Amino acid sequence: MITDPIQIATDVLVIGSGAAGMYAAIEASRNGAQVLLADRSLIGRGGATVMAQMTVAVALGEEAPDDPQFHYANTIAAGRGLCDEKLAHLLCNDGPECIREMDHWGVGWARKDGHITATTAPGHDRPRCVYVDFLNTGPAVSKTLRMASARNPNIRKAGDLCIVDLVVSDGECIGAVAYHLGTGAPVLIAAKATVLATGGLTRLYARNSASTNMGGDGYALALRAGAALIDMEFVQFFPIGHLAPRLVGMDPIMWDPFRYKLGGQLLNGRMEEFTARYGSDEDGKYVLTRDLATYAITQEVEAGRGSPHGGAYLSFQHCTEAQLRDAFGPVIDRLAANGIDLTKMPVEVAPIAHYHMGGVKADATMATGVPGLYAAGEVVGGANGANRLSGNAVTEALVFGRRAGRSAAERCRRVAAPVPRMQDAKTALDLIEDDGARGSAGNTAAAIADLQTVMTKEVGPFRTAATLNRALSRLAAITTEHGSNPAGERGSFDMRRLDWFDLRNMLTVAHTVTQCALNRTESRGAHQREDFPQMSPQWQLRQRVTMHYGKLAISTEPAAAQAIAS
Ligand SMILES: Cc1cc2nc3c(=O)[nH]c(=O)nc-3n(C[C@H](O)[C@H](O)[C@H](O)COP(=O)(O)OP(=O)(O)OC[C@H]3O[C@@H](n4cnc5c(N)ncnc54)[C@H](O)[C@@H]3O)c2cc1C
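About the thresholds
Per chain, the residues get numbers from 1 upward, laid out in the order the sequence is written. Note on the predicted model: pLDDT of at least 70 is required for a residue's local features to be given, and 80 or more for side-chain atom pairs to be given and counted; whole-chain, interface and lining totals, by contrast, use all residues. The basis for the side-chain values is all heavy atoms of the structure; hydrogens and waters are excluded. Think of it this way: one heavy atom of a residue within 4 Å of a molecule or strand is enough to make that residue near it. Under the rule applied, a polar contact is a pair of N or O atoms within 3.5 Å (in protein, one hydrogen donor and one hydrogen acceptor; residues adjacent in sequence only if both atoms are side-chain atoms). Throughout, the Shrake-Rupley method with a 1.4 Å probe supplies accessible areas, and for residues the shown protein chains are the sole cover considered. Whether a residue is buried, partly exposed or exposed follows from its accessible area with a 1.4 Å probe, protein chains only, as a fraction of its type maximum: under 20%, in between, or over 50%, in that order. The helix and strand labels rest on DSSP assignments: H or I over at least four residues marks a helix, E over at least two residues marks a strand, and numbering proceeds from the N terminus. Being paired, for any two strands, means DSSP has found at least two bridges between them. Residues count as neighbours in contact if any of their non-hydrogen atoms are within 4.5 Å of one another. Convention adopted: a line fitted to C-alpha atoms gives each axis, helices being fitted over their contacting stretch, and angles between N-to-C directions are expressed from 0 to 180 degrees. Salt bridges, as used here, are contacts in which a Lys or Arg side-chain nitrogen is within 4 Å of a carboxyl oxygen on Asp or Glu. In this description, a nonpolar core means a group of buried Ala, Val, Leu, Ile, Met, Phe, Trp, Tyr and Cys residues linked to one another through side-chain atoms lying within 4.5 Å. Where each domain starts and ends follows an automatic or database-derived domain assignment. For any pair of parts, buried area is found by adding up, for both, the accessible area (1.4 Å probe) each one loses once the two are put together. Under this grouping Gly is polar, as are all residues other than the nonpolar Ala, Val, Leu, Ile, Met, Phe, Trp, Tyr, Cys and Pro and the charged Asp, Glu, Lys and Arg. Only Phe, Tyr and Trp rings are paired, with Trp represented by its six-membered ring, and only when their centres lie within 6.5 Å; those with planes under 30 degrees apart are stacked, over 60 edge-to-face, the remainder tilted. The path from the first strand over the helix to the second decides the hand: if it runs clockwise while the strands point away from the viewer, the crossover is right-handed.

A.B. asks: Can you walk me through the site of the ligand in this structure?
C.D. replies: The local shell around the ligand holds 40 residues, among which Asp39, Thr49, Thr55, Asp217 and Glu378 are the closest. Between an oxygen atom of the ligand and a main-chain N or O atom of Ala19, the distance comes to 3.2 Å. A distance of 2.6 Å separates an oxygen atom of the ligand from a polar side-chain atom of Asp39. Here the ligand has 1,000 Å² of accessible area as a free molecule, and 99% of this is covered by the chains.

Structural data, given as structure tokens:
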């Protein structure tokens, strides 16, 4: 029996409360809109933002002379010819304003001699990355935005609200259907404008740096609503994710800030420096960009020169205890509690799925192709092309969030409040209400683990036609097993049901990544095909994915010629 859903009306619905969603909510409200900020987790604590460690790239020019055009040139070069230039411009040009506004709100950017200090990071041609000590940038960014939105009576917040589908009526997005995790109740939200700020997809991979909320819901929601995705084959692997020894309660990508500050040494299992074999001219200081470092470590492991757990060593043994404490203060104590003394031992590191360059296609106002639907943050594709520079992700979340919030509020001044018809929301409401009797009896958590293993083994940083074809057939088998009727029950925190909804999205998104990776018969940035090792001028193209009657369609569109990093 279908019960009436809880109904909510708002001007702007923001889905996801990371940096992008919270900035969007603040900006929409100060442009006159009433906002509902919804998240499947706790507000401001569920995604990547709160986990981000250190760097935020922005051309403030306080530490060293800088200008957004230099930041832009570095971003374009790293993107290997595929950056969406308008989005890259927006990221670099609006970054300083957002960073200064965050400063005004009290984020606490680290300062030196009275100015906001900045550090260097691979691919940036000067010190450009601001931070909040010690390894505290993401939590500080998140807290600052939470405080700024908490003070705002025009922003209502709803945690534990998992958006299951967007509602599209006559081609326009007019809100969403959600399911409340605490009660299992269906919720129908009517909105004049909706901002998708759901973050990335790295939960598709077994070894990932993200939270469990990052299975790529936003990409699947956008596809089913009629929006296009681009560049889905470009998943960024972070080269030095922590591997061993066991590290509890600390972030797996925490070694990046260490190497920026202290110049770590990357060594293979024989304790040899090896990056020169892969075209790097670094001497004792690891400055390689992420895609090249991922390649170098993986190749060493495949050649039998890996560290004992299948990665590389990262050593800070050239540092004294005093230098380590000076740079990372309380973090050194947390490492000691894990039995790690960096003056005496290296740690083992290996590539880990970290960020997604692809995503929802949006213009420079953050509008998608579906009227009423905007996108912001990591869920947006294109700004970083085939490879993202360190620090650009938090900046893009802030900048795109602010822009999307403004655009959504502008739309609210033009359109009347929508009245969703039940038929527009019926498919999603039926799924939420389903009694589970026809759902698969299989173990949904095991099916998610299966998908993650397939993606890691076959669609990792290095792919071939054989691995990708194997992945497609395995994904098809998991899809059949998953079925179209929900498992579990409609009830309070029923994890089988939540897994079923998650897997529904993860399968769609995994399929787009894999199919796009199979189509792209070249190697570029984060997409490395062992059977097509060269970058090909014929592939100066973007792949655009849409969905028609549940089937994916992929087409190509030319990307403008751009400077490409060597
Ligand atoms: C460990 C780690 C460290 C990082 N370090 C850095 C760094 O130092 N510098 C840098 O620039 N970048 C870094 N990044 C990347 C950067 O943090 C992210 O790209 C950025 O924060 C994304 O912000 P966002 O607002 O787009 O998404 P997120 O912050 O991921 O927020 C997305 C939100 O959407 C919610 N959501 C998802 N699906 C649904 C749904 N169906 N219904 C309702 N809500 C939903 C999630 O719960 C989450 O709260 C790091 C990432 C990780 C994982």
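A.B. asks: How should the pairing of strand β9 (residues 172–180) be read in this particular structure?
C.D. replies: Residues in a regular strand project their side chains so that they alternate between the two faces of the sheet. By the criterion of burial, β9 is predominantly enclosed, with 7 of the 9 residues buried. As defined by bridge partners, strand β8 (residues 161–169) adjoins β9 across 7 bridges and the pair is classed as antiparallel. Across the sheet, Ser169 pairs through a bridge with Glu172, a residue of β9. Between β8 and β9, which pair antiparallel in sequence order, lie 2 residues; one of them, Asp170, sits at a positive phi of approximately 50 degrees.

A.B. asks: I would appreciate a short explanation of the sheet that holds strand β11 (residues 229–230) in the present structure.
C.D. replies: Two modes of strand pairing occur in sheets, parallel and antiparallel, and in both the strands are linked by backbone hydrogen bonds. A sheet is described by the order of its strands in space; here 4 strands give the open sequence β16-β11-β20-β21, paired in antiparallel fashion. At either margin of the open sheet sits one strand with a lone partner, and together these are β16 (359–360) and β21 (551–558). By the bridge criterion, 8 bridges tie strand β20 (residues 541–548) to β21 in an arrangement that is antiparallel. Paired with Val545 across the two strands is Ile554, which belongs to β21. Where helix α14 (residues 495–519) meets the sheet, it contacts β20 and β21, and its direction lies at approximately 45 degrees from that of β21.

A.B. asks: Help me understand the pattern of salt bridges in this model?
C.D. replies: If charged atoms from side chains of opposite charge come close, those side chains can pair. All chains considered together, the criterion is met by 40 salt bridges. Here Lys192 ties to Asp11 by a salt bridge, and the two come within 3.6 Å at their closest N and O atoms. Here Lys192 is found in strand β10 (residues 186–196), whereas its partner Asp11 is found in strand β1 (residues 6–15), with 181 residues between them in sequence. Across the pair, Asp11 and Lys192 agree in class, each one buried. Each of the salt bridges in this network shares a partner with another, and the network as a whole consists of Glu27, Arg30, Glu101 and Arg406.

A.B. asks: Can you walk me through the nonpolar core in this structure?
C.D. replies: Grouped burial of nonpolar side chains is what soluble globular proteins tend to show. Val12, Trp109, Leu204, Leu398, Phe400 and Leu451 are the most contacted members of the largest nonpolar core, which has 116 residues in total. Those residues in contact with Leu451 that lie beyond four places of it in its chain are Leu204, Leu475, Ile478, Leu503, Met506, Leu507 and Ala510. Membership of the second largest hydrophobic core comes to 32 residues, among which are Phe238, Met250, Val331 and Ile352.

A.B. asks: How do you make sense of the environment of Leu87 when you look at a structure like this?
C.D. replies: Checked against the element boundaries, Leu87 lands in helix α3 (residues 85–104). Taking the C-alpha atoms as reference, Leu87 lies 8.9 Å from Glu396; in sequence the two are 309 residues apart.

A.B. asks: How should the domain arrangement of the protein chain be read in this particular structure?
C.D. replies: Many analyses report the size of an interface as the accessible area lost when the parts associate. With domains assigned, the protein chain is organised as domain 1 (236–353) and domain 2 (433–558). Distance from the C-alpha centre of domain 1 to the C-alpha centre of domain 2: 31 Å. Carbon and sulfur atoms make up 73% of the surface buried where domain 1 meets domain 2, a total of about 560 Å² over both sides. Looking only at domain 1, the three residues that lose the most surface to domain 2 are Phe237, Asp291 and Tyr295, adding up to 61% of its buried area. Inspection of the region where domain 1 meets domain 2 yields 0 salt bridges. Secondary structure elements with two or more residues in the side of domain 1 that touches domain 2: β12 (235–244) and α7 (290–302). Residue composition of the side of domain 1 that touches domain 2, grouped by class: 2 nonpolar, 4 polar and 2 charged.

A.B. asks: Looking at this structure, I do not really get the sheet that holds strand β15 (residues 347–356). What am I missing?
C.D. replies: Pairing within the open sheet is antiparallel, and its 4 strands lie in the order β12-β15-β14-β13. Sheet topology places β12 and β13 (265–267) at the edges, where each strand pairs with a single neighbour. In this sheet, adjacent strand axes meet at a mean angle of 45 degrees when their direction is disregarded. Judged from the 7 bridges that link them, β12 and β15 form a sheet pairing that is antiparallel. The partner of Ala244 across the bridge, within β15, is Glu348.

A.B. asks: Sorry if this is basic, but what is going on with the packing of aromatic side chains here?
C.D. replies: How two aromatic rings sit relative to each other is given by the distance of their centres and the angle of their planes. Considering all chains together, one arrives at 10 aromatic pairs under this definition. Taking the centre distance of 5.0 Å and the plane angle of 65 degrees together, the rings of Trp255 and Phe258 count as edge-to-face. Residue Trp255 and its partner Phe258 are located together in helix α6 (residues 255–262), separated by 3 residues, close to a single helical turn. Take Trp255 and Phe258: they sit in the same class, and that class is buried. Aromatic rings pair up to connect Trp255, Phe258, Phe316 and Phe328 into one cluster.

A.B. asks: What is the right way to read the pairing of β1 from this model?
C.D. replies: A large share of β1 lies buried, amounting to 7 of its 10 residues. Bridge count between β1 and β10: 9 bridges; the pairing is parallel. Across the sheet, Val12 pairs through a bridge with Ala193, a residue of β10. Strand direction decides the pairing type here: β1 and strand β2 (residues 35–38), joined by 4 bridges, are parallel. Looking at β2, one finds that Ile15 is bridged to Ala38. In this view, the connection linking β1 to its parallel neighbour β2 by way of helix α1 (residues 19–30) has right-handed handedness.

A.B. asks: For this particular structure, what's the right way to read unusual backbone geometry?
C.D. replies: The general pattern is negative phi for most residues beyond glycine and trans for most peptide bonds. Here the residue pair Ala244 and Pro245 is connected by a cis peptide bond, since its omega of -5 degrees sits within 30 degrees of zero. For Pro245, the location among the structural elements is in the loop between β12 and α6. For Asp160, which is not glycine, the phi dihedral falls at a positive 55 degrees. Taking the relative accessible area as the measure of exposure, Asp160 reaches 26% and is therefore partly exposed. Even without being a glycine, Tyr549 presents a positive backbone phi close to 50 degrees. Its place among the elements puts Tyr549 in the loop between β20 and β21.

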